[in-house]
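# Overview (structure and organization)
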Amino acid sequence: MESGGGSGNKTTGGLAGFFGAGGAGYSHADLAGVPLTGMNPLSPYLNVDPRYLVQDTDEFILPTGANKTRGRFELAFFTIGGCCMTGAAFGAMNGLRLGLKETQNMSWSKPRNVQILNMVTRQGALWANTLGSLALLYSAFGVVIEKTRGAEDDLNTIAAGTMTGMLYKCTGGLRGVARGGLAGLTLTSLYALYNNWEHMKGSLLQQSL
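Per an unreviewed UniProt entry, the recorded name for the chain is Mitochondrial import inner membrane translocase subunit TIM23, and the organism is Neomonachus schauinslandi. The UniProt entry for the chain carries the following comment under Subcellular location (unreviewed entry): "Mitochondrion inner membrane".

This part covers the side chain of T164. Tracing the sequence through the fold places T164 in helix α5 (residues 154–168). For T164, a relative accessible area of 5% gives the class buried. In this structure T164 touches L134, L137, Y138 and F141, once residues within four positions along its chain are discounted.

Let us look at the UniProt feature "transmembrane region" (unreviewed entry) in the chain. This chain's UniProt record puts "transmembrane region" (unreviewed entry) on residues 75–96 and 126–145. Measuring from the first to the last C-alpha atom of residues 75–96 gives 32 Å, for a span that is 100% helix and 0% strand. Between the end C-alpha atoms of residues 126–145 there is a gap of 29 Å, over a span that is 100% helix and 0% strand.

This paragraph deals with the pattern of salt bridges. The tally for this structure, following the rule as stated, stands at one salt bridge. Across the pair R149 and D153 runs a salt bridge whose closest N-O atoms are separated by 2.9 Å. Assessed through its relative accessible area of 39%, R149 is described here as partly exposed. Exposure remark for D153: the relative accessible area of 30% places this residue in the partly exposed category.

The next subject is helix α6 (residues 173–195). For α6, with 23 residues, the first-to-last C-alpha span of 33 Å sits near the 33 Å given by 1.5 Å per residue. Residues of α6 that are buried include every one of G176, G180, G181, G184, T188 and A192, and no others. Buried residues along α6 sit against α4 (110–149) and α5.

Here is what the cut-offs are and how they apply
- Residues numbered from 1 in each chain as written.
- Predicted model: local features only at pLDDT ≥ 70, side-chain atom pairs only at ≥ 80, totals over all residues.
- Heavy atoms only, no water.
- UniProt positions renumbered as here; feature names shortened; annotations may be inferred.
- Helix = DSSP H or I, 4+ residues; strand = E, 2+ residues; numbered from the N terminus.
- Buried < 20%, exposed > 50% of the residue type's maximum accessible area, 1.4 Å probe, protein only.
- Contact = heavy atoms within 4.5 Å.
- Salt bridge = Lys/Arg side-chain N within 4 Å of Asp/Glu carboxyl O.
- Expected span 1.5 Å × (residues − 1).

If you want it as structure tokens, here you go:
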């Protein structure tokens, strides 16, 4: 029996040595002093210093000269696709509302269903095309302005929005261009104000102190 126990201990020791855990033994007093949080001290459960496992830098290695944030060209695809889907969803809901309103005097039948579906399809395509075109113009102007100025800030957003409104309403003459530019300027200015609201509030709070 004792020889069996001895052979078992030898086997355990051999496996522990094979997996790298057969180093110096630790007593209960040593293990009691190991903190449960943080990875600064040397862990008695590993043969690797946990300090080398702490990542103080970014996880991803960026190419030389690349920015840490996505530029307007990368965001253009998301912007255009998101606006198209949003326009399609809004147009479908608007088409359903108009279809139900125009056919309220008709009984539920196949002609009424077809008319409602046609209205939903027409309005969905119309709004998707409208918002998608605006997003395409805005993204194109934003990329051109960013590359021209060599900087990315809220001025690019406001300029791109203003030029998008002016170009989209250019068929309405000078008055249409002025209205479109004013609408684009107003919307992008509100968007820039919303993005910088916390920063502006913090700056005003520091000045008041």
